[in-house]
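Descriptive structure summary
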Amino acid sequence: GASGRVVPIGRPSANNQAYVLDAHGQPTPCGVPGELHLAGIGLARGYLGRAELTAEKFVPNPFSPEPGARMYKTGDVARWMHDGQLEFLGRVDQQVKIRGFRIELGEIETLLGEYPGVRQAAVLATEDAHGQPRLVAYLGIDQAPTLEAIREFLRERLPEYMLPAAVVSLEELPRTSIGKLDRRALPLPDTSRPELRQTYVAPVTETERQVAQIWAEVLGLERVGIHDNFFDLGGDSLLATQVVSRIRQRFEVELALRQLFEEPTVARLAAAIEHSATQPSPMIERADRDAELPLSFSQERLWFLDQLEPNNAFYNL
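Note that this is a predicted model, so its numbers are computed, not measured. (Residues numbered from 1 in each chain as written. Predicted model: local features only at pLDDT ≥ 70, side-chain atom pairs only at ≥ 80, totals over all residues. Heavy atoms only, no water.)

Along its length, the protein carries nine helices and 11 strands. Expressed as a percentage of the 317 residues in the protein, the buried residues total 42%. If you take every contact in the protein between residues at least 6 apart in sequence, the share linking residues at least 24 apart comes to 56%. Total accessible area on the protein stands at roughly 18100 Å², and carbon and sulfur atoms take up 52% of it. (Helix = DSSP H or I, 4+ residues; strand = E, 2+ residues; numbered from the N terminus. Buried < 20%, exposed > 50% of the residue type's maximum accessible area, 1.4 Å probe, protein only. Contact = heavy atoms within 4.5 Å. Areas by Shrake-Rupley, 256 points an atom, 1.4 Å probe, with all protein chains shown as cover.)

With respect to the helices, strands and loops of the structure, Thr207 is situated in helix α4 (residues 206-219). Thr207 gets classed as buried once you look at its relative accessible area, which sits at 13%. Not counting the four nearest positions on each side in its chain, Thr207 is found in contact with Phe251, Ala270, Ile273 and Glu274.

Turning our eyes to something else, we now look at the pattern of salt bridges. Applying the stated rule across the entire model yields 12 salt bridges. Here Arg209 makes a salt bridge to Glu206, at a shortest N to O gap of 3.3 Å. A residue pair is termed a helical-turn pair when its members lie 3 or 4 positions apart in one helix, as Arg209 and Glu206 do in helix α4 at three residues. Exposure remark for Glu206: the relative accessible area of 44% places this residue in the partly exposed category. Among the charged side chains, a salt-bridge network with shared partners connects Arg79, Glu87 and Glu107. (Salt bridge = Lys/Arg side-chain N within 4 Å of Asp/Glu carboxyl O.)

In summary, the side chains of a regular strand alternate between the two faces of the sheet. What you see with strand β11 (residues 166-170) is a clean split: Ala166, Val168 and Leu170 sit on the buried side and Val167 and Ser169 on the side with no burial. In this sheet, β11 lies alongside strand β10 (residues 133-141) in parallel orientation, the contact comprising five bridges. Pairing of Val136 across the sheet is with Ala166, part of β11. (Pairing = 2+ DSSP bridges.)

Let's shift gears to the sheet that holds strand β9 (residues 118-127). The strands that make up a sheet pair up through hydrogen bonds in the backbone, lying either parallel or antiparallel. Pairing in this open sheet of three strands is mixed, and the strands run β9-β10-β11 from one edge to the other. Of all strands in the sheet, those bounded by a partner on one side alone are β9 and β11. Across the sheet, the mean angle from the axis of one strand to that of its neighbour is 20°, orientation sign disregarded. Against the sheet, helix α2 (residues 105-112) contacts β9 and β10, and its axis sits at roughly 145° relative to β9. (Axes fitted to C-alpha atoms, helices over the stretch in contact; angles between N-to-C directions.)

Overall, the prediction assigns the protein a mean pLDDT of 78, with 79% of residues at 70 or greater. The least confident element of the protein is helix α9 (residues 297-306), whose mean pLDDT is 38; the most confident is α4, at 92. The model gives residues 282-317 a pLDDT under 50, and that stretch makes 18 contacts with residues more than four places away or in other chains. (pLDDT = per-residue confidence, 0-100.)

The next subject is the environment of Thr28. For Thr28, the position within the fold is in the loop between β2 (16-21) and β3 (34-40). Between the alpha carbons of Thr28 and Arg79 there is a distance of 7.8 Å; along the sequence they are 51 residues apart. Residue contacts for Thr28: discarding those within four places in its chain leaves Val20, Leu21, Asp22, Pro33 and Gly34. A polar contact is formed between the side chain of Thr28 and the backbone oxygen of Val32, at a distance of 3.0 Å. (Polar contact = N/O pair within 3.5 Å; in protein donor to acceptor, adjacent residues only side chain to side chain.)

The subject of this paragraph is the packing of aromatic side chains. Taken as a whole and judged by the stated rule, the model has five aromatic pairs. Both rings, one in Phe58 and one in Tyr72, keep their centres 5.0 Å apart while their planes meet at 45°; by these two values the pair is tilted. Of the two residues, Phe58 sits in strand β4 (residues 58-60) while Tyr72 sits in strand β5 (residues 70-80), which places them 14 residues apart along the sequence. We classify Phe58 as buried; its relative accessible area is 8%. A centroid spacing of 5.1 Å and a plane angle of 85° characterise the contact between Tyr115 and Phe153, whose relative ring orientation is edge-to-face. Of the two residues, Tyr115 sits in the loop between α2 and β9 while Phe153 sits in helix α3 (residues 147-155), which places them 38 residues apart along the sequence. (Phe/Tyr/Trp six-rings, centres within 6.5 Å; stacked < 30°, edge-to-face > 60°.)

Moving on to the pairing of strand β7 (residues 95-98). With burial as the criterion, only one face of β7 is covered, namely that bearing Val96 and Ile98; the residues Gln95 and Lys97 on the opposite face remain uncovered. Pairing of β7 with strand β8 (residues 101-104), which is carried by four bridges, proceeds in the antiparallel orientation. Within β8, the position partnered with Val96 by the bridge is Ile103. Between β7 and β8, which pair antiparallel and follow one another directly, the connecting turn spans two residues, one of which, Arg99, has a positive phi of 50°.

The class for Arg209 is partly exposed, based on a relative accessible area of 40%. Separated by 16 residues in the primary sequence, Arg209 and Gly225 have C-alpha atoms spaced 9.5 Å apart.

The next subject is the environment of Arg155. Residue placement: Arg155 occurs in helix α3. Excluding residues that lie within four positions of it along the chain, Arg155 makes contacts with Leu163 and Asp232. Among the polar contacts listed, one links the side chain of Arg155 to the side chain of Glu152, at a separation of 2.8 Å.

Another aspect to go through is helix α5 (residues 237-251). In a regular helix each residue adds 1.5 Å, so 15 residues correspond to 21 Å; α5 covers 21 Å between its end C-alpha atoms and thus fits that length. Residues Leu239, Ala240, Val243, Val244, Ile247 and Phe251 constitute the buried set of α5. One face of α5 carries all of its buried residues, which in axial projection span an arc of 145°. Summarising the contacts, the buried residues of α5 are in contact with α4, α6 (257-262) and α7 (266-277). Positive phi appears at Glu252, one or two residues downstream of α5, with a value of about 55°. (Expected span 1.5 Å × (residues − 1). Arc of directions from axis to C-beta.)

What follows is the structure, given as structure tokens:
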């Protein structure tokens, strides 16, 4: 997994079986990762003098017709290849959960190893400045690709929640004395500003300065340029909702979440905020227009309901 290269581990030998199972104990389709389980005549009886560990690792085999048959949970993450061989992806203890999604770090490492020029790859789940989990990719490479290029490469192959928020380029990934990847020695990513294709351009207007500050706070960065892409900086849909909420509080404008996806730079978002600020609220216009009319309670109630959508919880007052 640390090298990022495909590691085929062959096929089960005669009278032995291999199962790749998902979290519910069901076999996974070809190409889908799962935990490797082994069974057959070569299976050991258990761990000597360790009954608890034996019960944890040697589990009933529901795929065998023999009563009392068991299989061994290897703790390895693997998947079946189209040629019938097994591909090793990493260890189960490399599985992490981010925003409710279970992620196989070894799967991301394998894909990164396919990127041109990448000799080694490792992915860690770390925490951002707000204690939220995020993925960081470490690459052993001669010439560092931009974060944009890596994300674009992975975006074509992985869902959004599996994309690394930061990429750290190293000449060599750290190793232990026996040659294994030393994950504890991997450096923390630079939080000043991720490596992007755009050069840094400082905010000019007050709106740009405040939007850049909000982005920096939410993303845990020291500075943000006005042409930086929110999602290339490590932003995602969850952080986008925080940005929209803070903009609403600070500027007192109603900004739709989709606008951040459509205007993912500080400059464009600031322009959208300034445009929204010049547009009067329809409700305020209606209130101003009717302010001179004496309203009865029923009229006030009808006016209030008129502002609500039909599916609003208050509609049937």
